[in-house]
Structures are given as C-alpha cells and as structure tokens.
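So you can see what is in the structure, the chains are spelled out below.
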Amino acid sequence: MKSQPFLVTLVLLIFFSCSKEELTESIIKQRLAEINQLGTVEYDLSKVLIVDDEQWYTYGERKALINIEANVVAGIDFKKIEVTNLVPNNSIDLKLPDPEIILLNIPPSKIRFSVLKASFARSEFTNDELNQIQIMGEEDIRKKIDELGILKEATKNSKSFLKNWFKLLGFKTVNYSEL
Amino acid sequence: MSQIKLIILGFIILGSYVGLCFIYPSINPFNRNPLKIKNTAVIIEESKKIAKLFSATYYSEIVIDTTKLTIQAKTNYTNSLSNLFSSDDEQEETKYNDSSYHQLTLIANGTTFAGNDLATISEKDIIINDSLCTIIIDSAKIISTVINPSDFTIFIDEGEWSPEEVQEIKTLAVEKVKQLSIKNKILEKANNRTKKLLSEFLKSVGFQVVNINFK
C-alpha cells in the first residue's frame with residue numbers, strides 16, 4: 001500500500017515528460033524563421049561517387065557509381081553590415097561580416113545511378129546503403145567547399161553589389177573594411 | 001590430463017577472443033567494413049553572381065508513406081510430376097494472379113528558403129526625393145527547398161523498390177515541404193521581413209522616410 005503514492009508519482013512523471021517532448025517537437029519542427037542573409041554567389045557543383053565493396057571473406061564484389069549535382073549559395077548576413085562613416089550624398093564606409101554558406105542543396109532529382117552492380121554471390125545494394133553512400137558524398141562536398149573559394153567570391157560579389165546599390169542611392173564612393 | 005588442460009586453455013583463449021571481438025569489433029576478422037567512397041574531385045559546373053535577400057525559412061519534418069501492389073500472372077503446374085509418364089493432354093495448368101505488397105516509409109527534414117531578388121532593382125525602381133526613398137522590388141519567391149541525403153531516414157523498406165523509385169519519392173517529399181511552406185504563408189512573411197530589414201537599413205544610412213513597394 002505504501003508504494004502506491006510512489007507509483008502514481010512515477011506514472012504522472014512519465015506522462016508529463018512525454019507530453020512535454022511532443023509539444024516542443026511540434027513547435028520546433030514546423031516553424032517559420034527569420035533570416036537576413038544576402039546571397040551573392042551561387043555555384044553548381046557535381047561529384048561522382050565511386051564505391052567498390054569487397055570484403056576478404058566474400059566472393060565477388062559490389063560496385064556503385066553515382067553522379068550527384070549540388071547547388072551552393074554563399075553570402076553575408078545583411079543585418080551585420082555596419083555603417084562606420086557616412087557623408088550624405090557623398091561617401092559611405094561599410095564594415096562587412098565574414099561570408100558564410102547559406103545553403104547546400106543536393107536535390108534527389110539530381111542524383112543519378114550510373115552503375116549499380118553486384119556479382120551473383122553478393123546481394124544488391126539496399127536503399128538504405130545507397131542513402132548512406134549519398135550522405136558520404138554530401139559530407140565530402142561540405143568538406144571541400146572551402147577549397148573551392150566560394151566564400152572569397154561571396155565577399156567580392158557582396159562588395160560589388162553594395163557598391164552599385166549605394167551608387168543608385170546617390171552615394172559617390174563606397175569604402176569597405178571587414179569585421 | 002595435460003591434453004584436457006590444453007583443450008580447456010584453448011577454449012578459454014577462444015572465448016576471450018570472441019568476447020573481445022564483441023567489445024572491439026575492429027579486431028573481428030569477419031567484421032564488415034563500412035562502405036567507403038573513393039576520393040573524387042568536386043567539379044564546379046557553373047558559378048554566377050546573385051543578389052538574393054533570404055528573409056524567411058520554413059522547416060518541417062514530414063513522413064512519406066508509399067505503398068504499391070504488384071500483380072503478376074503466373075501458372076501453376078500442379079500435376080506436372082505425375083504427368084512425366086503420361087501424355088501432355090492430361091496435363092493440368094492453373095493460371096492465377098500473384099500479388100505482392102510493397103511499402104516504403106521515409107522521414108524527411110526539409111527547409112524552404114524564400115526571399116527577394118535584389119539584382120533586378122534598376123535605376124527606375126529607386127526614387128529619391130531629399131530624405132525620402134522609395135524602392136520597388138520584386139515580390140518574394142521560393143528560392144530553394146532543401147532536403148539533402150542526410151535529411152532522409154528510410155524507416156520502412158519492404159518489398160521491391162528500385163533506387164530510381166526511391167529518388168522519385170524523395171522528390172515528392174521536396175515538393176510536399178515546398179507546398180507546406182506556401183500554405184504557411186512563407187512568401188508573405190518573407191515580403192514583410194524584407195520590407196522591415198531594408199527600411200531599417202536605409203534609415204541607418206540617412207533616409208528619414210523609406211517606402212518599400214513590391215512589383
């Protein structure tokens with residue numbers, strides 16, 4: 001009998017902890033958020049994923065050759081642009097934030113399976129394995145984005161866009177410094 | 001006796017090794033090596049200058065549950081063994097339809113980006129009158145809906161689904177997230193946020209009254 005209040009408390013605790021989790025999940029997982037990024041460069045990339053799956057204890061091999069196409073947009077946070085000096089209708093000095101990758105998009109429609117081959121003693125690639133291969137490709141693209149100079153290009157284009165824009169707004173000279 | 005001791009010792013060593021294999025799978029010679037991709041280059045196909053103001057994102061987790069029923073015409077030779085020594089006229093064939101049920105359930109985390117294209121602003125779209133600035137810009141558009149491979153989880157994969165079919169279903173998931181974002185008024189919110197952002201920015205560079213109008 002003494003254990004009854006303890007059990008009731010335990011059940012109530014479990015119940016409330018579960019319902020709280022569901023509530024926060026539904027709020028977090030379906031939301032409209034504000035961003036303030038100015039995308040200044042867009043790259044279309046492609047990569048060939050080659051998988052050669054052979055284990056010492058298996059007879060035969062499995063091979064996959066998958067082509068993926070990705071789209072990368074980089075730019076700067078518009079809200080972080082600082083005006084450091086201003087002479088109306090004459091000149092403006094701006095401080096630009098560091099460029100960042102805004103999005104990396106690998107659309108499912110841009111993933112093509114060129115070769116999927118399994119020898120007779122081996123099973124075909126499962127859909128889960130193929131998804132894992134695609135994830136590895138995505139991770140590799142993310143790692144190599146820095147080497148492609150996309151961020152440098154984003155800063156260069158941000159400067160060029162803002163210069164033209166401020167000229168349209170009546171400023172004669174636009175100077176930059178980086179944050 | 002010494003032989004029994006050796007056998008027991010052998011079992012202990014083998015048992016310890018099997019136990020260690022469970023703890024450290026890398027020392028297990030039968031442990032399956034994970035799939036690896038070869039190091040290939042990332043090729044730049046195209047690069048272009050843009051000026052898009054990303055002002056709203058919509059995030060959603062969706063479940064795509066797809067089923068299909070395949071029907072195949074088959075023939076059952078029920079008495080084929082007994083007919084081995086009789087004439088073909090007595091052979092009985094039963095034709096029937098064999099159906100199989102296939103199910104694929106995917107969980108996808110998608111993000112839709114919306115914003116305004118500032119590259120289309122030309123001289124005639126900017127009207128300046130002393131401290132009053134009026135800018136006419138294109139209305140917000142969906143820039144991209146992103147569901148990358150790492151955003152997909154294959155929850156149920158039963159039956160036969162070709163890789164191409166799976167990709168088609170994934171593409172449907174992208175479209176579904178896009179439609180959900182439109183339903184949740186992402187474009188209206190993007191316009192409002194762009195208006196607020198540009199107004200604040202232009203006021204900070206000296207304009208007292210700022211009007212942002214959409215085409």
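Residues numbered from 1 in each chain as written. Chains lettered and ligands numbered in written order. Predicted model: local features only at pLDDT ≥ 70, side-chain atom pairs only at ≥ 80, totals over all residues.

**Considerations on the environment of Lys170(B)**
Within the element layout of this structure, Lys170(B) appears in helix α2 (residues 163–183). On a C-alpha basis, the gap between Lys170(B) and Ile64(B) in space is 8.4 Å, while along the polypeptide they are 106 residues apart. Those residues in contact with Lys170(B) that sit more than four places away from it in its chain are Pro108(A), Leu106(B), Ile147(B) and Phe152(B). (Helix = DSSP H or I, 4+ residues; strand = E, 2+ residues; numbered from the N terminus. Contact = placed C-beta atoms within 7 Å.)

**A word on the interface of chain B and chain A**
Taken residue by residue, the interface counts 55 residues in chain B and 64 residues in chain A. Elements with a minimum of two residues in the side of chain B that touches chain A: β1 (42–76), β3 (126–129), β5 (141–146), β6 (152–158), α2 and α3 (186–204) of chain B. With 20 residues, β1(B) is the single largest residue contributor to the side of chain B that touches chain A. Here the residues of the side of chain B that touches chain A sort into 27 nonpolar, 14 polar and 14 charged. (Nonpolar A, V, L, I, M, F, W, Y, C, P; charged D, E, K, R; others polar.)

**Examining the confidence of the model for chain B**
All names here are of chain B. Per-residue confidence for chain B gives a mean pLDDT of 88; residues scoring 70 or more make up 91%. Within chain B, helix α1 (residues 2–23) has the poorest average pLDDT of any element, 87, and β5 the best, 96. Scoring of the predicted complex yields 0.80 for pTM and 0.79 for ipTM. (pLDDT = per-residue confidence, 0-100.)

**Thoughts on unusual backbone geometry**
Residues and elements named next belong to chain B. If you check the backbone angles, Asp130 has positive phi at about 55° while not being a glycine. Relative to the helices and strands, Asp130 resides in the loop between β3 and β4 (132–137). For Lys185, which is not glycine, the phi dihedral falls at a positive 60°.

**Details of the sheet that holds strand β7 (residues 209–214) of chain B**
Each strand in a sheet pairs with another by means of backbone hydrogen bonds, the pair being arranged parallel or else antiparallel. Residue and element names in this part refer to chain B. Taken in spatial order, the three strands of this open sheet run β3-β4-β7, and their pairing is mixed. This sheet does not close on itself; its edge strands, each paired only once, are β3 and β7. Adjacent strand axes in the sheet meet at a mean angle of 10°, parallel and antiparallel pairs treated alike. Judged from the six bridges that link them, β4 and β7 form a sheet pairing that is parallel. Looking across to β7, one finds that Ile137 is bridged to Phe214. Sitting on the sheet, α3 touches β4 and β7, and the angle it makes with β7 is about 150°. (Pairing = 2+ DSSP bridges. Axes fitted to C-alpha atoms, helices over the stretch in contact; angles between N-to-C directions.)

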